[in-house]
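The lines below spell out each chain.
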Amino acid sequence: MKVTRRVFSRGLVAAASSVALGNKATRIWAQVQGEHYQMGMKHPVPPIQETETPAEKAARMRWFREARFGMFIHWGLYSIPAGRWDGKEIPGLGEWIMNEASIPVAPYKALAAKFNPTQFSAANIVGLAKAAGQKYIVITSKHHEGFAMFNSRANSFNIVDATPFRRDPLKELAAECRKQDIKLGFYYSQDQDWTAPGGAAYKTDHHQPPTFHWDPAQNGSFPDYLHTKAIPQIRELLSNYGEYPAILWFDTPTKDMTPELAGEIVKVLNEHPKLIWNNRLGGGYKGDTETPEQYIPARGYPGRDWESCMTINDTWGYKQDDTNFKSTETLLRNLIDIASKGGNYLLNIGPMATGVVPAPEVERLQQMGKWLDVNGESIYGTRATLFGAEAGSFSPTEKDENGKPKFIPSWKWRSTTGRNQIYIQIFEWPGTSFHLDNVPREVTSAYLLADPSKKPLRLRKSGNSLDVSLPAQPLDPIATVVVLKTA
Ligand code: GLC
């Protein structure tokens, strides 16, 4: 239990450092680590994870465990300023601009009148996810800014009532996901809400304790906020979109979310027995999934479901000045690395205020899809590696930011496991032969996944070791997959 919390905190630290928040993140976490946020405490309302049988849990998690690759979408009013306020570039994450630039509630809310993303097309976005080989989408239904990207009766600061656009993108996405057969999940910021009175704000250096608010309009009672906005909106999200959401993705719990208040949310979640929800509700609830942010855990989380969420550049919400896009090679390596450790990759895109997805993001996703068209069999529905050392090792001398031995990844190859297959994704072509020690299964034949003729590769065995003959050149410059058929 302790491990869970530690790992989550490391995730936030890693995320924050990668977006140049530096040490601030450690202190941000301290707020969450208050007396109210302890794992293993008695929950006032038992969540589904504690009442279902292992078989029921396996059935509920089944699609998620097979999916391996999902699309995260951060889209909201913050896509209008897109990282600039009053002509200045604002450091930090695009969707944090209101907090980073201390924008008062009134001018921030006024952005809604300008939000008219007429080029938004659910068909295009779902089509892009399909082309990328992604099996699910998780979109921000309300981020910390407090603006609902859906039709809400509970609160009028929403895309239908407060903008000239007047459409509900979640409804359009749900219809399209149904049509194109892909799962849809909703991110919902249940705790931080910077425009609703009483909504929480994370501890930051530029705002004052105890509330860390920057505008008196933000003051109010957190339980009132929860009862009049968050819980009613969570109910709307869970009832207005048919079989969706498949996932409810919570974020940034603070100490305001006591076990009792979180329990009230859990009561609502328990009414939806197919729903999957993450470990960021707060109040000590573990949820279904670990959510390492901006990093891949060295060895995964044996015994826990997990999903690494990562940005494609350095921001979640669109920022016009952030062009630091990761290469397709890095993105594919991440996906393969995560699959080899038994997790899912939730890769973010940040649509613009027009509704259009930035071209460099589209391009990378399409390239990933091309690789998966050929090699997806080695990713979807597979299990973690039967080996392990190929991922790298812990340094005997160097320490990470938590003072633990630093993990030094190796990028020669990875492996995933099928029922009768061992897949080897080779990044660094080893010449004409690939050597493998400690092979735990009897290998009967081998071929390259990208070879349509499946021409058998010559095998030489000695004890538990295996040598597989390879052509002199890889079939794919990023990763060529060897399939070892096993008995
Ligand atoms: C962080 C940020 C948030 C982002 C999330 C994604 O917690 O606060 O802006 O949505 O990470 O995991």
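Computed from a prediction, not measured in an experiment: that's the story for all the values here.

> Honestly, the overall build of the protein in this entry has me stumped. Any pointers?
Within the protein one finds 12 helices and 19 strands. Taking all 487 residues of the protein together, the buried fraction comes to 59%. Counting every atom, the protein has about 19500 Å² of accessible surface; 51% of that belongs to carbon and sulfur. The protein carries 56 positive and 51 negative side-chain charges, and their two centres are separated by 4 Å.

> Hey, could you run me through the site of the ligand in this one?
Lining the immediate environment of the ligand, one finds 14 residues, of which H74, E95, W96, H143 and E293 sit closest. Take D251: an N or O atom from its side chain is 3.3 Å from an oxygen atom of the ligand. E293 has a polar side-chain atom sitting 2.9 Å from an oxygen atom of the ligand. Here the ligand, which alone exposes 310 Å², has 96% of that area covered by the protein. Partitioned by chemical class, the residues of the shell around the ligand number six nonpolar, four polar and four charged.

> Quick question: what am I supposed to make of the packing of aromatic side chains here?
Here a ring pair, both rings aromatic, is described through the centre-centre distance and the interplanar angle of the planes. Counted under the stated rule, the structure contains 24 aromatic pairs. For the ring pair W96 and W194, a centre distance of 5.0 Å and an interplane angle of 65° mean the geometry is edge-to-face. Of this pair, W96 sits in the loop between β3 (88-89) and α5 (97-100) while W194 sits in the loop between β5 (183-188) and α9 (222-239); the two residues are 98 residues apart in sequence, bridging distant segments of the chain. Look at W194 and you get buried, because its relative accessible area is 1%. Seen from their ring centres, Y301 and W306 are 5.7 Å apart, and the 65° between their planes marks the pair as edge-to-face. With respect to burial, Y301 and W306 carry one shared label: buried. Pairwise contacts between aromatic rings join W75, F115, F120, F147 and F157 into one cluster. Positioned above the aromatic ring of F157, the side-chain terminus of K109 is 5.0 Å from the ring centre. Geometry around Y380 places K135 over its ring, the cationic atom sitting 4.2 Å from the centre.

> What's the story with helix α11 (residues 328-340) in this structure? I'm lost.
Helical geometry note: an α-helix holds 3.6 residues per turn, so side chains three or four residues apart project in the same direction. Its 13 residues place the ends of α11 18 Å apart at the C-alpha level, agreeing with the 18 Å of an ideal helix rising 1.5 Å per residue. Taken together, the buried positions of α11 are T328, L331, L332, R333, N334, L335, I336, D337, I338, A339 and S340. Buried residues along α11 sit against β1 (69-73), β9 (305-310), β10 (344-349), α12 (359-375), β13 (413-417) and β14 (421-426). Once α11 ends, the next one or two residues include G342, with phi positive near 85°.

> How should the sheet that holds strand β17 (residues 459-462) be read in this particular structure?
Pairing between sheet strands relies on hydrogen bonds along the backbone, with the strands arranged either parallel or antiparallel. Read from one edge of the open sheet, three strands run β15-β18-β17, paired in antiparallel fashion. Strands with a single pairing partner mark the edges of an open sheet, and in this sheet they are β15 (433-436) and β17. For this sheet the average axis-to-axis angle between neighbouring strands, irrespective of direction, equals 15°. In this structure, β17 lies alongside strand β18 (residues 465-469), joined through four bridges in antiparallel fashion. When the sheet's bridge partners are listed, L459 is paired in β18 with V468.

> I would appreciate a short explanation of the layout of surface pockets in the present structure.
Rolled over the atoms, a probe as big as a water molecule pinpoints where empty space is left. Reported here for the second largest pocket is a volume of approximately 650 Å³. What lines the second largest pocket is a set of 26 residues, and nearest its centre among them are R65, R68, G381, T382 and R383. Elements represented by at least two residues in the lining of the second largest pocket include exactly α4 (54-67) and β9. By residue number, the principal contributor to the lining of the second largest pocket is α4, which donates six residues. Here the residues of the lining of the second largest pocket are counted per class, giving seven nonpolar, eight polar and 11 charged. Each of two domains, domain 1 (7-378) and domain 2 (389-486), supplies a minimum of three residues to the lining of the second largest pocket.

Parameters and conventions
- Residues numbered from 1 in each chain as written.
- Predicted model: local features only at pLDDT ≥ 70, side-chain atom pairs only at ≥ 80, totals over all residues.
- Heavy atoms only, no water.
- Helix = DSSP H or I, 4+ residues; strand = E, 2+ residues; numbered from the N terminus.
- Buried < 20%, exposed > 50% of the residue type's maximum accessible area, 1.4 Å probe, protein only.
- Areas by Shrake-Rupley, 256 points an atom, 1.4 Å probe, with all protein chains shown as cover.
- Lys, Arg positive; Asp, Glu negative; His and termini not counted.
- Charge placed at Lys NZ, Arg CZ, Asp CG, Glu CD.
- Near = heavy atom within 4 Å.
- Polar contact = N/O pair within 3.5 Å; in protein donor to acceptor, adjacent residues only side chain to side chain.
- Nonpolar A, V, L, I, M, F, W, Y, C, P; charged D, E, K, R; others polar.
- Phe/Tyr/Trp six-rings, centres within 6.5 Å; stacked < 30°, edge-to-face > 60°.
- Lys NZ or Arg CZ within 6 Å of the ring centre and 35° of its normal.
- Expected span 1.5 Å × (residues − 1).
- Contact = heavy atoms within 4.5 Å.
- Pairing = 2+ DSSP bridges.
- Axes fitted to C-alpha atoms, helices over the stretch in contact; angles between N-to-C directions.
- 1 Å grid on protein atoms, 1.4 Å probe; cavity = no way out; pocket = protein on both sides within 12 Å on 5 of 7 lines; lining within 4 Å.
- Points joined across faces, edges and corners; volume = space filled by probe spheres on them.
- Domains from an automatic or database assignment.

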